[in-house]
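# Observations on chain architecture
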Amino acid sequence: MRFADVSSGLEPNAGPPGSPTRILADAVLSAADHLCWHAMYAHYESEPDIAAFRRVYGYFDLISSEGPLRCDDIYMGMSLQGPDAFYPPHVHQAVETYVTIGGTGDWKRGAEPWINRPPGEFFLHTSGVRHATQSNDEPILALAFWTTALSSPIVLVRG
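Presented here is a report on the structure given in the accompanying data block. Bear in mind that the values here come from a model prediction, so they are computed numbers and not experimental data.

Along the chain, the regular secondary structure elements total 2 helices and 11 strands. Moving toward the C terminus, one meets the helices and strands of the chain in the order α-α-β-β-β-β-β-β-β-β-β-β-β. Taking 15 Å as the expected radius of gyration for a compact globule of 159 residues, we find that the chain reaches 15 Å, a close match to that expectation. Here the chain, with 159 residues, has 43% of them falling under the buried criterion. Long-range pairs, those at least 24 residues apart, make up 66% of the contacts in the chain between residues at least 6 apart in sequence.

Printed below as a string of structure tokens:
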């Protein structure tokens, strides 16, 4: 997958110049065409909502067992979710920490209400908690860390 495949209109609000989130967003944007972007959920591709999602979502590994920085004990990667895109509810065994780097979107965790997460905000998904994301009029650039069950599958939750 190429960066251009998911970057439609990418100029997410990443905070003021010189802020950590702006510095990171600018670095990703400048290197984007050289990163190894991946799509998700190929085994669900026959479902219309997932086919649409796959066209506007991509991620790349920073630290993983196969990534550019190799480690078997943690995963760290970045994702880009295009504007007005819904990442459907899903679960995994891995404990996951997110930080929004650029853009704002709405995130749902378990039975909690949707919460708007601005750049620089950290939040946690505990093992097995259902969660989803909705971008709005701008894309979301996010950093994700998995610290347990690194090989656990991500399972979409339907219904």
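Turning to the sheet that holds strand β9 (residues 131–135), a few remarks are in order. One open sheet holds the 5 strands; their spatial order is β7-β6-β9-β4-β11, and the pairing between them is antiparallel. The outermost strands of the open sheet, each flanked by one partner alone, are β7 (115–117) and β11 (155–156). Relative to β9, strand β6 (residues 105–109) runs antiparallel, the two being bridged by 5 bridges. Within β9, the residue paired with D106 across the bridge is Q134.

Moving on to the sheet that holds strand β10 (residues 140–146). What links the strands of a sheet is backbone hydrogen bonding, and the strands pair in either a parallel or an antiparallel sense. Strand order in the open sheet formed by 6 strands is β2-β1-β3-β10-β5-β8, with mixed pairing between adjacent strands. Every interior strand has two partners, whereas the edge strands, β2 (69–70) and β8 (122–125), have only one. In terms of strand pairing, strand β1 (residues 57–64) meets strand β3 (residues 75–81) through 6 bridges, oriented antiparallel. Across the sheet, the residue bridging to G58 is L80, located in β3.

Considering all chains together, one arrives at 4 salt bridges under this definition. Measuring nitrogen to oxygen at the nearest pair gives 3.1 Å for the salt bridge that ties E112 to R109. Linking R117 and E121 is a salt bridge whose minimum nitrogen-to-oxygen distance equals 2.6 Å. Accessibility expressed as a relative area gives 7% for R117, which makes it buried. A relative accessible area of 25% means that E121 is categorised as partly exposed. Through salt bridges that share partners, E47, D49 and R158 make up one connected network.

Scoring rules and cut-offs
Residues numbered from 1 in each chain as written. Predicted model: local features only at pLDDT ≥ 70, side-chain atom pairs only at ≥ 80, totals over all residues. Heavy atoms only, no water. Helix = DSSP H or I, 4+ residues; strand = E, 2+ residues; numbered from the N terminus. Rg over C-alpha atoms; globule rule 2.2 N^0.38 Å. Buried < 20%, exposed > 50% of the residue type's maximum accessible area, 1.4 Å probe, protein only. Contact = heavy atoms within 4.5 Å. Pairing = 2+ DSSP bridges. Salt bridge = Lys/Arg side-chain N within 4 Å of Asp/Glu carboxyl O.

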